[in-house]
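Remarks on the overall topology
Now for the letters of each chain:
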Amino acid sequence: MVKSYLRYEARSVFGVIASPTGNAVFDHSGKFSITAALESVIVWDIKKGTQVARWSDSDNKAEVTCIARSPNGKDYAIGYADGSIRLFDLSNNTVNVVLSGHRGRVSALEFDSTGTVLASGARDTDIILWDVVGEVGLYRLRGHKDEITGIAFVAGSTVAGAASALHASSAGYIVSSSKDTLVKLWDLRGRHCVQTLVTHRSEVWGLAVSPDGRLLVTGTSDMNLHVWTLDMAKLDSVADDDSKGEASAKNWEAISEYGSIQRASRDRVVELRFHPSGLYLACLSADKQVEVFRSRQHAEIKKKMARRQKRHREKRGKDKADGSDHEGSGDDDDEAETAAITAADELTSFKVIRTSAKPVSLDFNPAEADATALGRQGGMHILVAQNNNSLHMWSVPVPPPGKTTKQANLAEPSLVSSVEMLGHRSEPRALAMSSDNELVASAANKSLRVWNAQTGSCVRTLECGTAICAAFLPGDQYIVVGTKEGSLELYDIPAATLVETFDAHEGTACWSIDVRPDRKGLVSGGADKCVKFWDFELVRDDSSSAVSRRRMTLEHVKTLKMSDDVLAVKCSPDSRLLAVALLDTTVKVFYADTLKFFLSLYGHKLPVVSLDISSDSTLLVTGSADKSVKLWGLDFGDCHRSILAHQEPVTAVRFVWGTHYFFSAGKDKLVQQWNGDNFQRIQRLEGCHGDVWALAVAKHGNFVVASSQDRSIRIWEKTEEPLFIEEERERELEEMYDRGLEESLDRPEPAADGAEEGDETQRAGKATMETLKAGERIMEALDIADEERRKWAAYEDQKRRMPQLNPAPPDTNPILQFERITPEAYVLRTVERVRAADLEDALLVLPFTHVLSLMAYIDHWACREWNTALTCRVLFFMLKTHQNQIVATRTMRAQLASIRTHLRAGVRVQRDYVGYNLAALQSLRADWEANATAEFFDEKDIQDILDTQLKKRKFTGLKA
């Protein structure tokens, strides 16, 4: 009989506040923060420090790399490391759209001003424009040679007024920066690059465009920010002159150099961002500071220019008096230089925010776009995500309206609120689980946190040393932590205090702790080549004077000297044996009572870093840095099996109580379950995005906890779903095959018909397993419909030729009979169920024979006016893709003529619908404006009118 197991499924992830791979942004109200948290996105209430919502997709395992906020304040674009983009809705926390087009991690996302077009850049050097409403990719822009670092939309002067009438994707411009040191300006109307800036000498790490579209700021690795001016009128004149054939080289220079401003930091720029009011610019550097620049007002610039010209005139007068003045055209040039405004005159350093760790991203509060209100409230808020798993919101004081910075006497930036209590600042290196499986303790550098295993909430937070190992003491009221400094730290959980510190291993690392099975003490092993035995003692607490109470302490009773550093210790559950792993790659087994030598286990090529003994004290499992796991018998010390368990060094092994099943974790980001009797791998648990450092298994294997280098703590729970090893191996092989197939599909596609090899514009789609399966479903639907139509055509033909036989009608396909649908409607429904973003790539899978079959159904859909928009999209894509083959097929001419006739009638009906609806909407808008608009008059003007009317009505008395 085939043995079955129970499957483990991922249950929860906690301990991550903000992952360093992604950014954090405000929501539209400025109350919440949308933050990247590995493969999920967390919505935080910044002031309360609580989690409001968590966005995740069960089909996604890649990390979040980029987040962008839509102008409508409801949709958020999330970019992932696998190149996909998902649109989440803040109101219902659901995924609206999944867009696949990039072949590398998404590095830049930006919405246009209408929120209907999304531009994305990635490591694959491509820029893709997406139609958010239509949920499709518009086109791909190619020209950069390295990863895209920044994207910004720029609207032309004629585009802004016509934005409502003209689709945003067909007009306007995009500025992009890349690690190839280039900044490019793209014309969306012509879909090509119109200008390239080549003056940067190193990678361009960020760019920002001012809200009014006048300034462009770029940041590199040098100490200066480069500032450029954008001429809107010249941008539009480029396209107009090009259409007339009158473009000149001078007209193409739409971006002009404005100057540079010096930064306080010596490290490279990480991010640049303008305040929504346009008055401030924030520069995020790779060191621990955020520099804020202020834009001077026009009056301040005039005063600065007047002072500079005055100094220049005084210098010239002094030179003339000394007789060193040289006449010539140089004086006019100097005068022109002093009269010209540069970037340093307009942008000046304002404030510097000093952070506790390296910042990853920043964002301004979008609700503070009003400059007047910003000055009245006295400060602006900046959200900073740091690489130590924390989120901070800073308040930067700004001068009130009408006052300069010197007059306002502003204070320094202050930290308003932060989210840092729900995660470690560094990676947790040790895990411990309470005896009732209700609490999980995680220890990292300088922090010890106790979590509720069911809810994932943080129960206690304590400061500790550089923790390496930890264990709950009997009763689950105390935790002992072994540190890199060689001390044992004893903590009281209910009181959240450090009870006592013991210098256990003379300043060397304490690598392992294990509580003895008799629950009367513990064993510790360290780098001082000693295994020390400690007993639990209850002593009177002298610090509490009000109430006499007793507390736990440790008493050192004996020491076992070893020949090398001790890396791991473990007592057998029957209290008979003690296993000690040494740095010399061997494992020594001693009798626990007399400490006499029993066995020496050797065979590993590198040191054993973790070991465990089964509950029946018969098996010992060891995990080594040589990537292998070995199973040993404790009766004779024989090696039962050596398994190459991981692709990287093994970091932890744990048995499941009452069984010979055990779990192993390694630096290959995997946790795996094994059967110690037949040495087979049962299941592979994925999800971690970094090295797995520690494991903890519940008493009877109900769930497994793992801590990773990505600072996350993950729990996999045992379910009731049966698992068979043969089926699991088949599933893993299928996944491996699918990954290989995706890699073969995931390659740059050749240029389309009529397009040159170096064309800057290409199709935005990407072939994936989803598109391949969608194409197969369409082919299956076409085969079923063709077979059904063929049977009924033969039945009608036989009925017409031999009516006297009265033939029986053919059997309907079970699928069509169950759905009660015609073959033509069945094919249409299958096409409609394909995601809009995957439709074009799914149609590319169809062979030409199925294309000819699909054209017949398109004619039927056009005749019946079924989903005219989808019919047109499918038809136009098929004609564009298979143009040469369709033109060469003579039998298609009559069918194409029929499609043209039917489709024109259907499009005409749709045009009338759209026109009618637009007219109705314009009428409703006019009525609303008439009712909602109030006219205001000046009180003085009204009084003057009344006085004039009174004078006209004044009567003069007549004398008698």
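Values in this document were obtained by computation on a predicted structure and should not be read as measured data.

Within the chain one finds 17 helices and 57 strands. With 960 residues in all, the chain has 50% of them scored as buried. Carbon and sulfur atoms make up 50% of the accessible area of the chain, which totals about 46,700 Å².

This part is about empty space enclosed by the protein. Taken as a whole, this structure holds one cavity of 30 Å³ or more when the rule is applied. Counted as a void, the largest cavity has a volume near 60 Å³. Considering the residues around the largest cavity, the lining is formed by W130, V136, G137, R763, A764, G765, A836, A837, E840, D841 and R873. The set of elements that each furnish at least two residues to the lining of the largest cavity consists of β13 (136–141) and α12 (839–844). Across the lining of the largest cavity, the residue classes break down as five nonpolar, two polar and four charged.

Moving on, we get to the sheet that holds strand β20 (residues 224–230). Where strands meet in a sheet, backbone hydrogen bonds hold them as pairs that are either parallel or antiparallel. Strand order in the open sheet made by the four strands is β18-β19-β20-β21, with antiparallel pairing throughout. Edge positions in the sheet fall to β18 (206–209) and β21 (255–262), since each has one partner strand and no second. Each strand axis lies, on average, 25° off the axis of its neighbour in the sheet, ignoring direction. Across five bridges, strand β19 (residues 215–219) lies against β20 in antiparallel orientation. What sits directly across from V217, in β20, is V227.

With five of six residues buried, strand β32 (residues 447–452) lies mostly within the body of the structure. Bridging between strand β31 (residues 439–444) and β32 involves six bridges; their strand directions are antiparallel. Residue S442 lies in a different strand from β32, and its bridge partner there is R449. What sits between the antiparallel neighbours β31 and β32 is a turn of two residues, in which K446 has the positive phi angle 70°. Bridging between β32 and strand β33 (residues 458–462) involves four bridges; their strand directions are antiparallel.

This part takes up a nonpolar patch on the surface. On the surface, Y913, V914, L918, L921 and L924 cluster together to form a nonpolar patch covering roughly 530 Å² of accessible area. Structurally, the position occupied by V914 is in helix α16 (residues 892–932).

As enumerated under the stated definition, the model contains 36 salt bridges in all. Here the salt bridges share partners, and the residues they tie into one network are R7, E721, E728, R731 and E735.

Taken in spatial order, the four strands make up an open sheet running β14-β15-β16-β17, and their pairing is antiparallel. The two strands at the open ends of the sheet, each matched to only one other strand, are β14 (148–154) and β17 (192–197). Here the average twist between neighbouring strands, direction ignored, is 20°. Pairing between β14 and strand β15 (residues 173–178): six bridges, direction antiparallel.

Okay, the nonpolar core next. If you look at the biggest cluster of nonpolar residues, it comprises 30 residues, and the most contacted ones within it are I778, L843, L854, I858, W861 and V874. For this core, the secondary structure elements donating two or more residues are α9 (769–801), α11 (823–832), α12, α13 (848–864), α14 (868–881) and α16. At seven residues, the largest contribution of residues to this core is made by α13. Ranked by size, the runner-up nonpolar core spans 19 residues in total, among them V656, A665, C688 and A706.

Let's shift gears to a negative patch on the surface. Side chains of D59, D82, E742 and E770 sit close together on the surface and give a patch of like negative charge. Its location among the elements puts D82 in the loop between β7 (75–80) and β8 (84–89).

The residues that UniProt annotates with the feature "repeat: WD" (unreviewed entry) are residues 99–132, 173–196, 197–238, 421–461, 512–537, 601–642, 643–684 and 685–717. As annotated, residues 685–717 has a helix share of 0% and a strand share of 55%, and its two end C-alpha atoms lie 11 Å apart.

So, on to the side chain of H275. Relative to the helices and strands, H275 resides in the loop between β22 (269–274) and β23 (280–285). Residue H275 is classed as buried on the basis of its relative accessible area of 0%. Setting aside chain neighbours within four positions, we find H275 in contact with P211, Y280, F364, E368, L374 and M380.

The tally for this structure, following the rule as stated, stands at 12 aromatic pairs. Both rings, one in Y280 and one in F350, keep their centres 5.5 Å apart while their planes meet at 45°; by these two values the pair is tilted. Of the two residues, Y280 sits in strand β23 while F350 sits in strand β25 (residues 347–354), which places them 70 residues apart along the sequence. Residue Y280 shares its accessibility class with F350, and that shared class is buried. Taking 5.0 Å as the distance between ring centres and 45° as the angle between the ring planes, the aromatic pair formed by Y591 and F598 counts as tilted. The partly exposed category is assigned to Y591, whose relative accessible area is 29%. Cluster of aromatic residues (ring-pair linked, three or more members): W55, Y76 and F88. The ring of W205 has R268 lying over it, and the distance from NZ or CZ to the ring centre is 3.8 Å.

Before going further, it helps to examine the environment of A471. For A471, the position within the fold is in strand β34 (residues 467–472). Residue A471 is classed as buried on the basis of its relative accessible area, which comes to 11%. Along the sequence, A471 and I513 sit 42 residues apart, while their C-alpha atoms lie 6.8 Å from each other. Dropping the residues within four chain positions of it, A471 is found in contact with A432, Y478, I479, V480, I513 and V515.

So, on to the confidence of the model for the chain. Counting all residues, the mean pLDDT for the chain is 86, and 89% of those residues have values of 70 or more. Across residues 751–757 the pLDDT falls below 50, and counting only partners more than four positions away or on other chains, this stretch makes four contacts in the model.

Turning to α16, a few remarks are in order. For α16, spanning 41 residues, the distance from its first C-alpha to its last is 57 Å, which sits close to the expected 60 Å at 1.5 Å a residue. If you check which residues of α16 are buried, you get M892, Q895, I899, L903 and G906. For α16, the elements touching its buried residues are α13, α14 and α15 (883–888).

Here the focus is unusual backbone geometry. Positive phi values are uncommon outside glycine, yet K446 reaches one of about 70°. Checked against the element boundaries, K446 lands in the loop between β31 and β32. For K446, a relative accessible area of 52% translates into the label exposed. Of note, N867 is a non-glycine position whose phi angle comes to about 45°, a positive value. On the basis of relative accessibility, which here comes to 34%, the residue N867 falls in the partly exposed class.

This part is about the environment of V175. In this fold, V175 is placed in strand β15. A relative accessible area of 0% means that V175 is categorised as buried. Once the C-alpha coordinates of V175 and V154 are considered, the two residues, 21 residues apart in sequence, prove to be 7.2 Å apart. Excluding residues within four positions of it along the chain, V175 makes contact with G150, I151, A152, V154, V183, K184, L185, L207 and L216.

Moving on, we get to the side chain of S712. Its location among the elements puts S712 in the loop between β55 (703–708) and β56 (713–724). Judged by its relative accessible area of 0%, S712 falls in the buried class. A polar atom in the side chain of S712 sits 2.6 Å from the side chain of D710. In this view, S712 contacts V13, F14, V16, L38, A706 and S707; residues no more than four positions away in its chain are not counted.

Rules used in this analysis
Residues numbered from 1 in each chain as written. Predicted model: local features only at pLDDT ≥ 70, side-chain atom pairs only at ≥ 80, totals over all residues. Heavy atoms only, no water. Helix = DSSP H or I, 4+ residues; strand = E, 2+ residues; numbered from the N terminus. Buried < 20%, exposed > 50% of the residue type's maximum accessible area, 1.4 Å probe, protein only. Areas by Shrake-Rupley, 256 points an atom, 1.4 Å probe, with all protein chains shown as cover. 1 Å grid on protein atoms, 1.4 Å probe; cavity = no way out; pocket = protein on both sides within 12 Å on 5 of 7 lines; lining within 4 Å. Points joined across faces, edges and corners; volume = space filled by probe spheres on them. Nonpolar A, V, L, I, M, F, W, Y, C, P; charged D, E, K, R; others polar. Pairing = 2+ DSSP bridges. Axes fitted to C-alpha atoms, helices over the stretch in contact; angles between N-to-C directions. Patch = residues over 30% accessible without salt bridge, like charges linked within 9 Å, V, L, I, M, F, W, Y side chains within 5 Å. Salt bridge = Lys/Arg side-chain N within 4 Å of Asp/Glu carboxyl O. Core = buried A, V, L, I, M, F, W, Y, C linked by side-chain atoms within 4.5 Å. Lys, Arg positive; Asp, Glu negative; His and termini not counted. Charge placed at Lys NZ, Arg CZ, Asp CG, Glu CD. UniProt positions renumbered as here; feature names shortened; annotations may be inferred. Contact = heavy atoms within 4.5 Å. Phe/Tyr/Trp six-rings, centres within 6.5 Å; stacked < 30°, edge-to-face > 60°. Lys NZ or Arg CZ within 6 Å of the ring centre and 35° of its normal. pLDDT = per-residue confidence, 0-100. Expected span 1.5 Å × (residues − 1). Polar contact = N/O pair within 3.5 Å; in protein donor to acceptor, adjacent residues only side chain to side chain.

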